[in-house]
Amino acid sequence: MTQTTEAAAALAEDPKPTRSPRIHRAWFVAAVTFVTIIGAAAFRSLPGLLIDPLHAEFGWSRGTIGAAVSVNLALYGLTAPFAAALMDRFGIRRVVAVALTVIAIGSGLTVWMTAAWQLMLCWGLLVGLGSGSMALAFAATVTNRWFTTRRGLVSGILTAASASGQLIFLPLLSWMVETYDWRPAAVTVALAALAVVPFVWLLLRDHPADVAQKPYGATEFVPKPAPVTGAARRTVGVLLSAVRTGPFWLLAGTFAICGASTNGLIQTHFVPAAHDHGLPVTTAASLLAVIGVFDVVGTVASGWFTDRFEPRRLLAVYYALRGISLLFLPMLLGPSVHPSMIFFIIFYGLDWVATVPPTLALCREQYGEDSAIVFGWVLASHQVGAALVAYLGGVARDVFGTYDMVWYASGALCAAAALMALVIRRRPVTAVPALAV
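Just so we're clear, the structure is a prediction, and the values are computed from it rather than from any experiment.

A. Examining the overall build of the protein chain more closely. The secondary structure content of the protein chain amounts to 19 helices and zero strands. For the protein chain, the proportion of its 437 residues judged to be buried stands at 57%. The long-range share in the protein chain, meaning contacts at least 24 apart out of those at least 6 apart in sequence, stands at 84%. Accessible surface, the protein chain: about 17,500 Å² in total, of which carbon and sulfur atoms supply 68%.

Below, the structure written as structure tokens:
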């Protein structure tokens, strides 16, 4: 019997175990996860900065470049549920370390590309697959394993990590693109992903039982479950079970609109849209980074609200406010930053991914132990929505010469999402056993 196993057994049997550390190990795991997501967030800061430079250097249309971004976003979502199952099979550390390495390889190889298909391969396929394994399903898995209480708050903090990474890297990357070229920015993304790998391998732990502790807030010791084999079969089986329940379609639909109105729209097209109106790229990128500042505040606050208020009503409010802000954006864009634009940045930033904690809470309420995988599939719909708008937004700009139609359409979609959130059933649904595949 190993030392860890003996300690775990002693903790499980002794009604008065030795005093726990003053700071629970779960908070250190959450901190490592936060830093990991920040490092991986560098790659998410770059696509909006690449559209104009790649168009100028290679002559590729914005629709073509947007298509590569859409492949990246789609794979980001579609990989997430399988990554959650792989974490159950091989452990969090291994999956995340490999994912960060794949991101570094994909981003680094772009500096030698000369054709659009290479952009699709490197940025679309490789970075998309790697980033999908670093998606919010990673945060959901850590939260579910290490925390029994404060899950909403921790979900909000880990979700905000992506915005924090955007805040850190956007000004730097935009300065590199403007001052030197887009290639140094791509190399920076690759190095940032690689730099996080040692932290993951040395400091992250898969389960509280690995360090002979109870999950934070738990009253009893929880043994580490055995590795779950058949990750792909289980992931598909959970999907086939979930699609037979109404809440899944409502959660997936609202989250698809969330992705369309954030990653696909603002993150991909805000910088080129602002540049169309005469705003310098560095200024536009800095505004996007400021959105990241207030996103941290809004998401952490949303996690706190989720622990105390009904998640569906929170979602309805968030989507309604986001839709209203997008309807006003075409009137605010101009060659300089004015107070009304600053108000939009603050208002929109507070709402950016505030939808994640209540959506995750509803998945947990409805689907129990399968909630991380179900949330992975819901996240897949988020990224499919983002991918569609990343592509269609570029096409609309090529056809109409403006992004105005895209802003208005996204505002209308957010209004529909607010209504969808309100009709999600409150009564928890007992998930149907997964079908054999």
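Next, the rest of the story.
B. Spotlight on the nonpolar core. Grouped together as the largest cluster of nonpolar side chains are 89 residues, with contacts concentrated most on Leu46, Leu49, Phe248, Ile266 and Phe270. Counting residues per element, this core draws most heavily on helix α18 (residues 371–400), at 10 residues. Setting aside residues no more than four positions away along its own chain, Leu49 makes contact with Leu170, Leu173, Ser174, Val177, Val271, Val281 and Ala285. Grouped together as the second largest cluster of nonpolar side chains are 30 residues, Ile38, Val95, Ile103 and Ala193 included.

C. Up close: the confidence of the model for the protein chain. Residues at a pLDDT of 70 or more form 87% of the protein chain, whose mean pLDDT is 79. Predicted confidence in the protein chain is weakest over helix α1 (residues 3–13), with a mean pLDDT of 46, and strongest over helix α12 (residues 246–261), with 92. Long-range and interchain partners of residues 428–437, a stretch whose pLDDT sits below 50, account for 22 contacts in this model, where long-range means more than four residues apart.

D. Here's a closer look at the packing of aromatic side chains. Tallied over the entire structure, the rule returns 11 aromatic pairs. Taken together, Phe58, Trp60 and Trp182 form an aromatic cluster joined through their ring pairs. The cationic tip of Arg93 hangs over the ring face of Trp201; the distance from NZ or CZ to the ring centre is 4.9 Å.

Rules used throughout
Residues numbered from 1 in each chain as written. Predicted model: local features only at pLDDT ≥ 70, side-chain atom pairs only at ≥ 80, totals over all residues. Heavy atoms only, no water. Helix = DSSP H or I, 4+ residues; strand = E, 2+ residues; numbered from the N terminus. Buried < 20%, exposed > 50% of the residue type's maximum accessible area, 1.4 Å probe, protein only. Contact = heavy atoms within 4.5 Å. Areas by Shrake-Rupley, 256 points an atom, 1.4 Å probe, with all protein chains shown as cover. Core = buried A, V, L, I, M, F, W, Y, C linked by side-chain atoms within 4.5 Å. pLDDT = per-residue confidence, 0-100. Phe/Tyr/Trp six-rings, centres within 6.5 Å; stacked < 30°, edge-to-face > 60°. Lys NZ or Arg CZ within 6 Å of the ring centre and 35° of its normal.

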